[in-house]
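Coordinate analysis (summary)
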Amino acid sequence: MKALSAGVRAVVWLAILAAIAFALYAFTRSRPQDVPWTPLDLSQPVGVFTRAKIGDLAGDFAGCRALLDAAGVRYTALPPRDGGGQCGYDDAVRMRGGGSRTIAIAPDVGVSCRVATAMALWEWQVVQPAAQKHFGEPVATIQNFGSYNCRRMYGRDTGAFSEHATANALDIAGFVLRDGRRVSVVGGWTAGQGRDDAAKAAFLREVRDGACGVFSTVLSPDYNAAHRDHFHFDQAKRGFGGACR
């Protein structure tokens, strides 16, 4: 009798384990972006592990470019740049129009491949949906303050070097809609009295929050006065966690 009971328990446990395995398999197939061991796929929505998977591309320039190629993102790989000391890059690309990305970057800048990967996802999954939601118009151009700059953080004479020193950061100043309207960080972050003012403020917060799923560092006017007029995005190594402020 005891042997029978033990056998029944074993069958029950096997059934439970099989059910768990099947559930994991189904979840992995339906939401690969939320599973840590699946490869990054830019055609998938942003998931729990998307940001970490982009971070894992550090040192894998060929793999990063393969992802952009598979997603139809057009770019030009830039030659390595030795800026001396802790400055320079060997994994930068300049994104080009005409592919799966439809938003122009102005002025045209070179960024690390990881930043380019995140920018593509941010455009598809965050920026354009938010623009349609708040304005009924897509974004035509993202305006920026630049990427590569051989300097320490905040331009200090001492301390850690900025991610800008390796083109691993991009500062976003504003957005131009297809109908010509401009939504600047400095002008739109604080809502005025009009309906359009409120839409701009809501849009900026939505795209800021959405960037936190693909960039390891997101700094906005809520962080400090130095960022009152732009969003700072970078792909600093932070492990699973990120900085979203």
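Refer to the structure above for everything that follows.
All of the points below concern the structure found in this document. Remember, it's a predicted structure, so these values are computed and weren't measured experimentally.

One pass over the full model with this rule turns up 10 salt bridges. Asp34 is paired through a salt bridge with Arg31; the nearest N and O atoms lie 2.8 Å apart. On the basis of relative accessibility, which here comes to 30%, the residue Arg31 falls in the partly exposed class. Where Asp209 meets Arg208, a salt bridge forms, and the shortest distance between an N and an O atom there is 2.6 Å. Within the structure, one salt-bridge network assembled from shared partners comprises Asp179, Arg181, Asp196 and Lys200.

This part is about the pairing of strand S2 (residues 81–84). Note on strand geometry: in a regular strand, side chains alternate between the two faces of the sheet. Judged from the three bridges that link them, S2 and strand S3 (residues 87–89) form a sheet pairing that is antiparallel. Its bridge partner lying in S3, Gly84 is registered against Cys87. The loop that links S2 with its antiparallel partner S3 comprises two residues; one of these, Gly85, has a positive phi angle of about 65°.

Covalent bonding between the sulfur atoms of two cysteines is what defines a disulfide. Under the definition given, this model contains three disulfides. Linked covalently through their sulfurs, Cys87 and Cys150 form a disulfide whose S-S length is 1.9 Å. Negative torsions about the S-S bond denote left-handed disulfides, and the value of about 80° found for Cys87 with Cys150 makes this one right-handed. Taken together, the positions of Cys87 in strand S3 and Cys150 in the loop between strand S7 (139–146) and strand S8 (169–177) put the pair 63 residues apart, joining distant regions of the chain. The disulfide pattern of the protein is 1-3, 2-4, 5-6 when the bonded cysteines are numbered in sequence order.

On to the side chain of Asp171, then. Tracing the backbone through its elements, the reader meets Asp171 in strand S8. No salt bridge is formed by the buried Asp171; its nearest oppositely charged neighbour, Arg151, is found at 4.6 Å. Side chain to side chain, Asp171 and His232 meet in a polar contact 3.0 Å long. With residues up to four places along the chain from it excluded, the contact list for Asp171 reads Gln143, Asn144, Phe145, Gly146, His164, His230, Phe231 and His232.

Turning our attention to unusual backbone geometry. Cis peptide bonds are those with omega within 30 degrees of zero, and the linkage from Ala106 to Pro107 qualifies with -10°. Looking at where Pro107 falls in the secondary structure, it is placed in the loop between strand S5 (104–106) and strand S6 (110–112). Of note, the phi angle at Tyr154 is positive, near 60°, even though the residue is not glycine. With respect to the helices and strands, the residue Tyr154 is situated in the loop between S7 and S8. Positive phi, normally seen in glycine, also occurs at Ala167, with a value near 60°.

Our next topic: the nonpolar core. Note that soluble globular proteins tend to have their nonpolar side chains buried in a common cluster. Judged by nonpolar contacts, the single largest core of 49 residues is most densely connected at Met119, Trp122, Phe175, Phe203 and Phe215. Put simply, the parts of the chain that give this core at least two residues each are helix H3 (61–70), strand S4 (92–95), helix H4 (113–135), S7, S8, helix H6 (195–211) and strand S11 (231–234). By residue number, the principal contributor to this core is H4, which donates 13 residues. If sequence neighbours within four positions are ignored, Trp122 has contacts with Val127, Ile142, Ile172, Phe175, Val207, Gly210, Ala211, Val214, Phe215 and Phe233.

This part is about the pairing of S7. Pairing analysis gives three bridges linking S5 to S7, with the strands arranged parallel. Opposite Ile105, over in S7, you have Ile142 as the bridge partner. Two strands pair when backbone bridges link them, and S7 and S8 are joined in this way by six bridges, in the antiparallel orientation. Of the residues in S8, the one forming a bridge with Gly146 is Asp171.

The rules we used
- Residue positions are given per chain, counted from 1 along the sequence in the order it is written.
- For a predicted model such as this one, the threshold for reporting local features is a pLDDT of at least 70, and the threshold for listing and counting side-chain atom pairs is 80 or more; totals across whole chains, interfaces and linings nevertheless cover every residue.
- Hydrogen atoms and water are omitted, and side-chain values are computed over all heavy atoms in the structure.
- Here a salt bridge means any side-chain nitrogen of Lys or Arg lying within 4 Å of a carboxyl oxygen belonging to Asp or Glu.
- Accessibility here uses a 1.4 Å probe with only protein chains present; expressed as a share of the type maximum, an area under 20% marks a residue as buried, one over 50% as exposed, and anything in between as partly exposed.
- Strands are treated as partners if at least two bridges between them are detected by DSSP.
- Strands here are runs of E lasting at least two residues and helices are runs of H or I lasting at least four, both read from the DSSP assignment and numbered beginning at the N terminus.
- Only a pair of cysteine sulfur atoms within 2.5 Å counts as a disulfide in this structure description.
- Asp and Glu are treated as the negative residues and Lys and Arg as the positive ones, with His and the ends of the chain left uncounted.
- Any pair of N or O atoms that falls within 3.5 Å is considered a polar contact. Within protein, one atom must be able to donate a hydrogen and the other to accept it, and sequence-neighbouring residues count only if both atoms are side-chain atoms.
- Contact criterion: two residues are considered in contact whenever any of their non-hydrogen atoms come within 4.5 Å of each other.
- Buried residues of nine kinds, namely Ala, Val, Leu, Ile, Met, Phe, Trp, Tyr and Cys, make up a nonpolar core once their side-chain atoms join them within 4.5 Å.

Note that every value here comes from positions in space, so none of it alone points to a role or purpose.
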